[in-house]
Amino acid sequence: MSCTKVRLVIFVQTLINPVGLKKRRILDLVEENYVFASVLHHFGIDFYDYQEQNLAEVCKKKGLKPELIIAGLEDVIEDDQEHLQYLIGLPVDLVIAYLKHKHFSFVKHTLPYLAKLINCYPSQGGCTVINDIKWLFPLFVEDFIQHMHEEEDTVFQHILQIEKALKGEVATSSLFFNLKKYSIKAIAHEHQAHDDVMIGIRKLTNDYAHEKDSPVLLKVIFSELQSFEKNLIIHSRIENEVLFPKALLMEKELYKVISKYSVLN
Ligand SMILES: [Fe+2]
Ligand SMILES: [Fe+2]
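The structure displayed is predicted, hence computed values, not measured ones. (Residues numbered from 1 in each chain as written. Chains lettered and ligands numbered in written order. Predicted model: local features only at pLDDT ≥ 70, side-chain atom pairs only at ≥ 80, totals over all residues. Heavy atoms only, no water.)

S.K.: Got a minute to help me understand the packing of aromatic side chains in this structure?
M.R.: In this description, an aromatic ring pair is defined by two values, namely the gap between the centres and the angle between the planes. Following the criterion strictly, the structure yields seven aromatic pairs and no others. Between Phe47 and Tyr48, the ring centres sit 5.5 Å apart and the planes meet at 70 degrees, which makes this aromatic pair edge-to-face. Their ring planes at 80 degrees and their centres at 5.5 Å tell us that Phe106 and Phe228 sit as a pair that is edge-to-face. Taken together, the residues span a long stretch of sequence, with Phe106 in helix H8 (residues 92-120) and Phe228 in helix H13 (residues 216-264) at a distance of 122 residues. (Phe/Tyr/Trp six-rings, centres within 6.5 Å; stacked < 30°, edge-to-face > 60°. Helix = DSSP H or I, 4+ residues; strand = E, 2+ residues; numbered from the N terminus.)

S.K.: What am I meant to see in the coordination of the iron ion (ligand 1) here?
M.R.: Each donor-metal-donor angle would ideally measure 109.5 degrees in four-coordinate tetrahedral geometry, or 90 or 180 degrees in six-coordinate octahedral geometry. Coordination of the iron ion (ligand 1) by the protein involves His103 (NE2), Glu151 (OE), His235 (NE2) and Glu239 (OE), with metal-donor separations of 2.0 to 2.3 Å. Coordination at the iron ion (ligand 1) is irregular, judged from the four donor atoms that bind it and the angles of 85 to 171 degrees they form at the metal. A residue is classified by how much of its surface remains accessible, and Glu239, at 1% relative accessible area, is buried. (Donors = N, O, S within 2.8 Å, 3.2 Å for Na, K, Ca; no water. Tetrahedral: all angles 85-135°; square planar, octahedral: opposite > 155°, others 65-115°. Buried < 20%, exposed > 50% of the residue type's maximum accessible area, 1.4 Å probe, protein only.)

S.K.: When you look at a positive patch on the surface in this model, what are you seeing that I'm missing?
M.R.: Among the surface-exposed residues, Lys185, Lys252, Lys256 and Lys260 lie close enough to one another that they form a single positively charged patch. If one sorts the elements of the positive patch by residue count, H13 sits on top with three residues. With respect to the helices and strands, the residue Lys185 is situated in helix H11 (residues 184-193). (Patch = residues over 30% accessible without salt bridge, like charges linked within 9 Å, V, L, I, M, F, W, Y side chains within 5 Å. Areas by Shrake-Rupley, 256 points an atom, 1.4 Å probe, with all protein chains shown as cover. Salt bridge = Lys/Arg side-chain N within 4 Å of Asp/Glu carboxyl O. Lys, Arg positive; Asp, Glu negative; His and termini not counted. Charge placed at Lys NZ, Arg CZ, Asp CG, Glu CD.)

S.K.: Explain the side chain of His235 to me, please; I cannot follow it from the model alone.
M.R.: Relative to the assigned elements, His235 resides in helix H13. Overall, the relative accessible area of 5% leaves His235 in the buried class. Ignoring anything within four residues of it in the chain, the contact list for His235 reads Leu99, Lys102, His103, Phe106 and Glu151. (Contact = heavy atoms within 4.5 Å.)

S.K.: In this structure, what is going on with the coordination of the iron ion (ligand 2)? I would like to understand it.
M.R.: Here the iron ion (ligand 2) is held by His147 (NE2), Glu151 (OE), His191 (NE2) and Glu239 (OE), and the distances to it run 2.0 to 2.3 Å. Because the angles between the four donor atoms bound to the iron ion (ligand 2) fall within 79 to 175 degrees, the donor set is best described as irregular. Residue His191 is classed as buried on the basis of its relative accessible area, which comes to 8%.

S.K.: I keep staring at the confidence of the model for the chain and nothing clicks. Help me out?
M.R.: Low pLDDT means the predicted atomic positions in that stretch should not be read closely. Taken as a whole, the chain shows an average pLDDT of 83; of its residues, 82% reach a score of 70 or greater. Confidence scores differ between elements of the chain, with helix H1 (residues 3-16) showing the lowest mean pLDDT of 45 and helix H9 (residues 128-167) the highest of 95. The low-confidence segment residues 1-13 (pLDDT under 50) makes 19 contacts with residues lying over four places distant or belonging to another chain. Low confidence marks residues 73-79, where pLDDT is under 50. Its contacts with residues over four positions away, or in another chain, come to 21 contacts. (pLDDT = per-residue confidence, 0-100.)

S.K.: Which parts of the structure should I look at to understand the nonpolar core?
M.R.: One recurring pattern in soluble globular proteins is that nonpolar side chains are buried together. Counting residues in hydrophobic clusters, the biggest one holds 43 residues, and the most contacted among them are Val30, Phe47, Phe137, Phe140 and Leu225. At the level of elements, helix H3 (26-32), helix H4 (35-42), helix H5 (55-62), H8, H9 and H13 are the ones that each hand at least two residues to this core. If you look at the next biggest cluster of nonpolar residues, it comprises 29 residues, including Leu90, Ile234, Ile238 and Leu243. (Core = buried A, V, L, I, M, F, W, Y, C linked by side-chain atoms within 4.5 Å.)

S.K.: Please clarify how unusual backbone geometry should be interpreted in this entry.
M.R.: Negative phi is the rule for most residues except glycine; trans is the rule for most peptide bonds. Of note, the phi angle at Asn206 is positive, near 50 degrees, even though the residue is not glycine. Within the fold, Asn206 resides in the loop between helix H12 (199-204) and H13. Looking at Asn206, the relative accessible area reads 57%, which means it is exposed.

S.K.: Looking at this model, I keep getting lost on H9. Mind explaining?
M.R.: Residues that lie three or four places apart on an α-helix share one face, since the helix turns once every 3.6 residues. For H9, built from 40 residues, the straight-helix expectation of 58 Å at 1.5 Å per residue is met to within 8% by its first-to-last C-alpha distance of 56 Å. Along its length, H9 shows its largest kink, about 35 degrees, at Glu151. Following H9 by one or two positions, Gly168 has its phi on the positive side, about 80 degrees. (Expected span 1.5 Å × (residues − 1). Bend = angle between axes of the 7 residues up to and from the residue.)

S.K.: Could you clarify how one ought to interpret the packing of H8 against H9 in this entry?
M.R.: A pair of packed helices is captured by two measures, namely the crossing angle of their axes and the spacing between those axes. H9 packs onto H8 with a crossing angle of 170 degrees between their chain directions and a minimal axis gap of 10 Å. Taken together, the axes of H8 and H9 lie roughly antiparallel to each other. Taken together, the residues of the contact of H8 with H9 sort by class into 19 nonpolar, two polar and seven charged. (Axes fitted to C-alpha atoms, helices over the stretch in contact; angles between N-to-C directions. Parallel < 35°, antiparallel > 145°, perpendicular 65-115°, else oblique. Nonpolar A, V, L, I, M, F, W, Y, C, P; charged D, E, K, R; others polar.)

Quick look at the structure:
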C-alpha cells in the first residue's frame with residue numbers, strides 16, 4: 001500500500017468516529033492531514049474561511065453530512081503504481097482516453113484549486129517564497145497546458161490514426177505524411193527529456209520544506225503542490241512506460257504492412 005493510501009486509511013478511520021470529529025476545529029483537522037483541505041474544497045468549503053468552526057457547524061451551515069465527506073475522500077485518492085500495471089493491459093485507445101481524462105482533471109480541478117490556494121495567501125507578510133510562487137505558478141500552468149494540448153492534438157491523434165490504420169479503419173496511405181513527420185522514438189525521447197515539469201517550483205520551495213510553525217495555509221499549499229507533482233510523475237510514467245512502448249510497436253507493425261504493400265505494387 002502506498003504512503004498516500006496508508007495516510008488516507010488512517011484519516012478515514014479518524015473520520016469514522018464522527019462523535020469526536022464533529023466537535024473538532026477545521027483548522028485542527030487540516031493541520032493533522034492537509035488532504036482534508038482538498039476534501040472540504042470538493043464540497044465547496046474553503047478551510048481558511050472556517051478555520052475556527054468545528055466540522056458539525058460547517059456541515060450544518062452547508063447542509064452536508066460527515067458521511068458525505070468520507071465518501072469524498074474517494075475523489076482525492078491519488079494515482080499510484082497499481083494504475084501503471086493495470087494500464088499496461090489495456091488497448092492503446094483506452095490508455096489515451098485515460099490520459100485525456102487526467103488532463104481534464106488537472107485543468108478543471110487540480111490547477112484551479114492550487115491557484116485559488118496560492119492566490120488567497122497574503123502577498124505581504126514577508127513570505128518571499130509564496131510571493132515567488134505567485135509569480136511562477138501561472139507561468140508553469142501556461143507551459144503545462146500547452147504541453148497537454150500538444151499531446152492531445154498531435155501525439156495522441158497520430159497514435160490513434162496508427163491504430164485505426166492497423167485495424168483497416170483508415171487507409172494506410174493517409175498516414176504517409178505524418179509517419180514521415182513524426183517518429184514515435186523521437187517523440188518519446190523528447191517527452192522523457194522534458195518531463196520534470198515542476199523542477200522550478202520544487203527548487204523554489206526547497207523541496208516543499210516548511211517550518212513546524214509555518215501558517216497552515218502554507219503547509220496545505222506545499223502539500224498540494226507535492227501531491228500534484230507526484231501525480232504528474234505517475235502521469236508521465238504512464239506516457240513513457242505504457243503509451244510510447246505500445247505506440248512504438250504499432251508503428252513498427254504499420255511499417256511492415258506498408259513495406260508488404262510496396263512489394264506487392
Ligand atoms: Fe499528458
Ligand atoms: Fe506528457
